[in-house]
Each structure stands twice: as C-alpha cells, then as structure tokens.
Amino acid sequence: MRPKNKTQSNRIIRHLRLRKRVKGSGERPRLSLHPSVKHLEAQIIDDFEQKTLLGVSTKSKEFKKLLGKHSAGNVKAAVTFGEWVAEKAKQKGIQKVVFDRGGFLYHGRIKAFADAARTQGLQF
C-alpha cells in the first residue's frame, strides 16, 4: 500500500515496527483491529498456522441489530464492539490474545475497544 500523506506513512512505519514484536500463536492469537472513519473491523489470527480464527465488523447485520440506529464510528460504538468481540472470542474458546492496533495511536476508539474487551474477560 502506498501512503497518501505523511500521517499515513507514519502509521505504516509504526505498524511495521509493532509487527516485529507482535506475533499470534495457537494459545495466544493476535487480535488485529482496523478502524475506518465509519466502522471498525477486528480479526483474531493465528500467525503460525496462518489462519483467521474470527473475523467481525461493525458492518455485520448481527452487530447492527445490537447497536440499533446509532453510528458505528464513535467511542460508544467501539465500547459495544469491544464487548461483542470478547464474547465472540469466548464462544470460540479464546481467552488470551495479543493486541495489534495496526499502528494507530492508542486513544479514542482504539483505547475504548481494548478497555471494553478487557472488562469482558479477554486478556491482552
């Protein structure tokens, strides 16, 4: 992916630096989060097997029913999404994960998502 501006290129550099250390395994897979302006997407990935164990988004019909008419691109929706992802992970038998924020700064929706997932019992 070619960066469009300095901010995006800095995010890509941060992401590559983080990915050197953050690896998902069978007992502790990687929880990758990608925010766009309107939505959030999360995947739980086993990097050694190269398999996606769980992939969810705020675009899914199931989450839209949970959220109602509210926007999916704000902090309140990120909290709801974090709790929902943690419940889905527990259903799959995943208790511990490594958090991959994708080079995005740890504040706002990213922090709200992570805190909500932790309160539901997902260990980072």
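Because the structure is predicted, anything quoted here is derived from the model rather than measured.

> Looking at this structure, I do not really get unusual backbone geometry. What am I missing?
Leaving glycine out, the prevailing phi sign among residues is negative, and the prevailing peptide bond configuration is trans. Non-glycine residue Q50 carries a positive phi angle of around 55°. The residue Q50 is located in the loop between strand 2 (40-46) and strand 3 (51-57) in this model. Residue class for Q50 comes out exposed when judged on its relative accessible area of 72%.

> Just checking my understanding: could you explain the sheet that holds strand 2 for this structure?
The pairing of strands in a sheet happens through backbone hydrogen bonds and is either parallel or antiparallel. Overall, mixed pairing links the four strands, which are arranged 3-2-1-4 in an open sheet. Of all strands in the sheet, those bounded by a partner on one side alone are strand 3 and strand 4 (98-100). Between one strand axis and the next, the sheet turns through 20° on average, direction left out of account. When strand 1 (residues 30-35) meets strand 2, the two strands line up antiparallel, connected through six bridges. The residue bridging P35 from the neighbouring strand is L40, located in strand 2. With respect to the sheet, helix 3 (residues 75-91) is in contact with strand 1, strand 2 and strand 3, its orientation differing from that of strand 3 by roughly 145°. Across the sheet, helix 4 (residues 109-119) lies against strand 1, strand 2 and strand 4, angled at about 145° from strand 1, the strand it touches most.

> Could you clarify how one ought to interpret the pattern of salt bridges in this entry?
Two side chains of opposite charge can pair, provided their charged atoms sit close to one another. Overall, the coordinates contain seven salt bridges when judged by the stated rule. A salt bridge links D47 to R30; its shortest N-O distance comes to 2.9 Å. Of this pair, D47 sits in the loop between strand 2 and strand 3 while R30 sits in strand 1, placing them 17 residues apart in sequence. Taking the relative accessible area as the measure of exposure, R30 reaches 8% and is therefore buried.

> Teacher, can you tell me more about the environment of K92 here?
As for its position among the elements, K92 is in the loop between helix 3 and strand 4. Measuring from C-alpha to C-alpha, the distance between K92 and L53 comes to 8.2 Å, with 39 residues separating the pair along the chain.

> Explain the confidence of the model for the chain here, please?
Close inspection of predicted coordinates is inappropriate for parts of the model with low pLDDT. On average, residues of the chain score 92 in pLDDT, and 98% of them reach the 70 mark or higher. At the low end of the mean pLDDT range in the chain sits helix 1 (residues 6-21), at 86; at the high end sits helix 4, at 97.

Rules used in this analysis
- Residues numbered from 1 in each chain as written.
- Predicted model: local features only at pLDDT ≥ 70, side-chain atom pairs only at ≥ 80, totals over all residues.
- Heavy atoms only, no water.
- Helix = DSSP H or I, 4+ residues; strand = E, 2+ residues; numbered from the N terminus.
- Buried < 20%, exposed > 50% of the residue type's maximum accessible area, 1.4 Å probe, protein only.
- Pairing = 2+ DSSP bridges.
- Axes fitted to C-alpha atoms, helices over the stretch in contact; angles between N-to-C directions.
- Contact = heavy atoms within 4.5 Å.
- Salt bridge = Lys/Arg side-chain N within 4 Å of Asp/Glu carboxyl O.
- pLDDT = per-residue confidence, 0-100.

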